[in-house]
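# Residue-level structural notes
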Amino acid sequence: MSEERKVSVRGLTRRFGSNTVLHNLNLELEPGSFTALLGRSGSGKTTLLRTLAGLDPAPGDAGIDLPDRVAAVFQEPRLLPWKRIWANVALGLPGADAKARAERALGEVGLSRHHEAWPATLSGGEAQRAALARALVREPRLLLLDEPFAALDALTRIRMHALVLELWRAHRPTTLIVTHDVDEAVLLADRVLVLDAGRIAADIPVEIPRPRSHGDAGFVALRRRLLGELGVEADVIREAA
Amino acid sequence: MSDTHAIGGRRAAVPALPAPAARRPAGLALNLSRTKRFASSVVILLLWQGASVAGLIAPRTLAAPTTIVATAWELILSGELPHHLLVSLGRVAAGLSIGVSSGVALALIAGLSRRGEEIVDAPMQMLRTLPFLALVPLFILWFGIGETPKIALVSLGSAFPVYLTLFAGIRGTDPKLMEAGRVFGLNRAGLIRHVVLPGALPSGLVGLRYALGSALLSLVIAEQINATAGIGFLINDARDFLRTDVIVVGLLVYALLGLGADALVRGFERRALAWRPNLIKG
């Protein structure tokens, strides 16, 4: 079980032209863990996620071990506008029970009433829930989240955080979320990786007991430390606070 | 318009009574403005009729509206108009099915593979700059003066709009949707079926509408080539007898064909593109 759920990357280097985006990167993810990948823009975090999703075939693929079922949620919902919500969730699912499975997944993300809706009629948060259902219905061993809440308003984002944690607890996929939001990383993950110039600059376990809140003592300290790792100076943090 | 919509939407939560009352004046205003739009046309018709009756417009220049209506009625009753209409429709149907299917096939070849594009697109882009109606003399030499050159001209006229729009639609597929499809396990055939083709359909249908217009234009020209039946023949025949009333009836039939074709595609769009935001609200 644990062998086929293993996620490991050894010595991954990605170059685009003369630009080296990932530098001999090593990464192991514990089965069922929730890891956040933080980094400034251009740090290579999206490249790493796309490589794991199989979207940018890597020459160094030899060093990558992935479970057989990988699913992703992107920053935009990327629903096919010409398919009803259930058909979007069931996209590419084999078997006659695909629709029933899709409807179950939609129920889990709180969209039971929207099976037959067209994507264009959903709000941003609802569309992202549908995208989450589309990933979950595949029972992924590895769930990749690429800044999935960046485009949502603050209130919707809070609800989505709770939903993702709930679903992660229920299904326990190994989860990797790419984000530039330090609070989001500390709130969701057991482990935070900071990527800088294609290298993992920090690998920090998050030991704050759940449910976490922004006011927890450990939260504030960890947040400050991560911001420091990202190069945001302490006086800037004080100023903002 | 969008403002009234928002207000109407807000009110729907409250008991629905005020909504119909609020809508009625808008409907009335619409009818009124529609009446106004037609008013000038009616005045022109009346002036035309008056001038014809007064002898200011000779029948050999232009028949009176009432004469045209009477002639149309006669032509329908005698079976002459239905006969010619069927012949013309048959030409359009044959030409369109050849033109549209070859346009679609070429667009798929060029749109879905690089090599296909290399082979198909350059000649198509060169040929499309040619005003296809100028090919009539060549077509007569190649195909004679029977049905073949007529159908060929309609085919040619309808193939290009379909090819160009569908090719652009296929190439305009959102790469982000393609990626999503790949992540969720679609193979190449699945991507084409679920992502590329449905995404290209809206522009393909715009092309179909252009194609219908172009086919009709081709029909008009084609039916000038030694036709012995069809609306074009009806018009040419009437010209020889100075029957301006019959000519106008023929022109009206051409216009109605154009309107009908457009309505047909619009109806199909409404069903096939029901997912589009502007159609969902309607």
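Every chain is numbered on its own, with residues counted from 1 as its sequence reads. Starting at A for chains and at 1 for ligands, labels are handed out in the order in which the entities are written. Per-residue local features are limited, in this predicted model, to residues with pLDDT of at least 70; the limit for side-chain atom pairs, both in listing and counting, is 80 or more; totals at the level of whole chains, interfaces and linings are taken over all residues.

In this section: the pairing of strand 8 (residues 191-196) of chain A. Residue and element names in this part refer to chain A. Pairs of strands are assigned from DSSP output, requiring at least two bridges between the strands. Note on conventions: DSSP H or I runs of at least 4 residues are helices, E runs of at least 2 residues are strands, and numbering of each starts at the N terminus. Bridge count for strand 3 (residues 34-39) against strand 8 is five bridges, and the pairing is parallel. Paired with L38 across the strands is V194, a residue of strand 8. With six bridges joining them, strand 8 and strand 9 (residues 199-205) adopt antiparallel strand pairing. Within strand 9, the position partnered with V192 by the bridge is I204. Counted along the chain from strand 8 to the antiparallel partner strand 9, the turn is two residues long, and its residue A197 has a positive phi close to 50 degrees.

All names here are of chain B. UniProt positions are given in the numbering used here, feature names are shortened, and annotations may be inferred rather than shown by experiment. When the UniProt feature table is mapped onto this chain numbering, "transmembrane region" (unreviewed entry) sits at residues 38-58, 92-113, 125-145, 151-170, 191-212 and 246-265. Span residues 38-58 is 76% helix and 0% strand, its end C-alpha atoms 26 Å apart. In this annotation, residues 125-145 is assigned 57% helix and 0% strand; the end-to-end C-alpha distance for the span is 28 Å.

A separate point is the domain arrangement of chain A. Residues and elements named next belong to chain A. By the assigned domains, chain A splits into domain 1 (7-69 + 141-240) and domain 2 (80-138). Each domain span listed reflects an automatic or database assignment of domains. Computed over C-alpha atoms only, the centres of domain 1 and domain 2 are separated by 26 Å. Any pair of residues counts as being in contact when their C-beta atoms, constructed from backbone geometry, are within 7 Å of one another. Across the boundary between the two partners, domain 1 contributes 10 residues, which contact eight residues of domain 2. At five residues, helix 5 (residues 154-171) tops the list of elements feeding residues into the side of domain 1 that touches domain 2. Residues that form the side of domain 1 that touches domain 2 fall into these classes: seven nonpolar, two polar and one charged. Charged residues are taken to be Asp, Glu, Lys and Arg, nonpolar residues to be Ala, Val, Leu, Ile, Met, Phe, Trp, Tyr, Cys and Pro, and polar residues to be all remaining types, Gly included.

Residues and elements named next belong to chain A. With C-beta atoms placed from the backbone, the exposure class of a residue follows from how many other C-beta atoms lie within 10 Å of its own: 20 or more, buried; 12 or fewer, exposed; in between, partly exposed. Burial of strand 5 (residues 70-73) is two-sided: the residues V70 and A72 facing one way and the residues A71 and V73 facing the other way are all buried. Relative to strand 6 (residues 142-146), strand 5 is paired through four bridges, and the arrangement is parallel. By the bridge assignment, V70 is partnered in strand 6 with L142.

Contacts between the two partners involve 16 residues from chain B and, on the opposite side, 16 residues from chain A. At the level of elements, helix 8 (175-183), helix 9 (188-222) and helix 12 (277-281) of chain B are the ones that each hand at least two residues to the side of chain B that touches chain A. A per-class count over the side of chain B that touches chain A returns 10 nonpolar, three polar and three charged.

Right, let's talk about the sheet that holds strand 2 (residues 19-29) of chain A for a bit. Residue and element names in this part refer to chain A. Read from one edge of the open sheet, three strands run 2-1-4, paired in antiparallel fashion. Taken across any chain shown, the strands that pair with only one partner, and hence form the sheet edges, are strand 2 and strand 4 (64-65). Alignment of strand 1 (residues 7-16) against strand 2, held across seven bridges, turns out to be antiparallel. By the bridge assignment for strand 2, R15 is matched with T20. Its contacts with the sheet put helix 1 (residues 45-52) on strand 1 and strand 2, and the angle it makes with strand 2 is roughly 60 degrees. Working convention: axes come from line fits to C-alpha atoms, limited for helices to the stretch in contact. Angles between N-to-C directions cover 0 to 180 degrees.

Residue and element names in this part refer to chain A. Structurally, W168 can be placed in helix 5. By C-beta crowding, W168 is classed as partly exposed, having 19 other C-beta atoms within 10 Å. The spatial distance from the C-alpha of W168 to the C-alpha of L136 is 9.6 Å, given a sequence separation of 32 residues. Ignoring sequence-local partners within four residues, the contact set of W168 consists of F34, P173 and T175.

Residues and elements named next belong to chain A. In spatial order, the strands read 5-6-7-3-8-9; together these six strands make up an open sheet with mixed pairing. Two strands in the sheet have a free side with no partner beyond their single neighbour: strand 5 and strand 9. Within this sheet the neighbouring strands show an average axis-to-axis angle of 20 degrees, counted without direction. Sheet contacts for helix 7 (residues 217-229): strand 3, strand 8 and strand 9; angle to strand 8, the most-contacted strand, approximately 20 degrees.

Moving on to the nonpolar core. A set of buried residues qualifies as a nonpolar core if it consists of Ala, Val, Leu, Ile, Met, Phe, Trp, Tyr and Cys joined through C-beta atoms within 7 Å. A:L38, A:V89, A:A133, A:L144 and A:V192 are the most contacted members of the largest nonpolar core, which totals 100 residues. What A:V89 contacts, discounting residues up to four positions off in sequence, is A:A102, A:A105, A:L106, A:A130, A:A133, A:R134 and A:V137. Of all hydrophobic cores here, the second largest spans 11 residues; its members include B:A63, B:L234, B:V246 and B:V248.

Turning to the packing of helix 6 (residues 136-143) of chain B against helix 7 (residues 147-171) of chain B, a few remarks are in order. All names here are of chain B. Their axes nearest at 9 Å, the elements helix 6 and helix 7 cross at an angle of 135 degrees. Viewed along their axes, helix 6 and helix 7 adopt a mutual orientation that is oblique. Considering only the axes of helix 6 and helix 7, their crossing is right-handed. Each of V136, F139, I140 and F143 in helix 6 lies in contact with helix 7, whose residues at this interface are T148, P149, A152 and L153. When its residues are assigned to classes, the contact of helix 6 with helix 7 shows seven nonpolar, one polar and no charged. In this scheme, roughly parallel covers angles under 35 degrees and roughly antiparallel covers those over 145, while 65 to 115 is roughly perpendicular and the rest are oblique. Should the near helix be turned counterclockwise from the far one by less than a right angle, the crossing is left-handed, whereas a clockwise turn marks it as right-handed.

To continue, consider the UniProt feature "domain: ABC transmembrane type-1" (unreviewed entry) in chain B. The UniProt feature table records "domain: ABC transmembrane type-1" (unreviewed entry) at residues 81-265 of chain B. Between the end C-alpha atoms of residues 81-265 of chain B the distance is 25 Å, and the span holds 84% helix and 0% strand.

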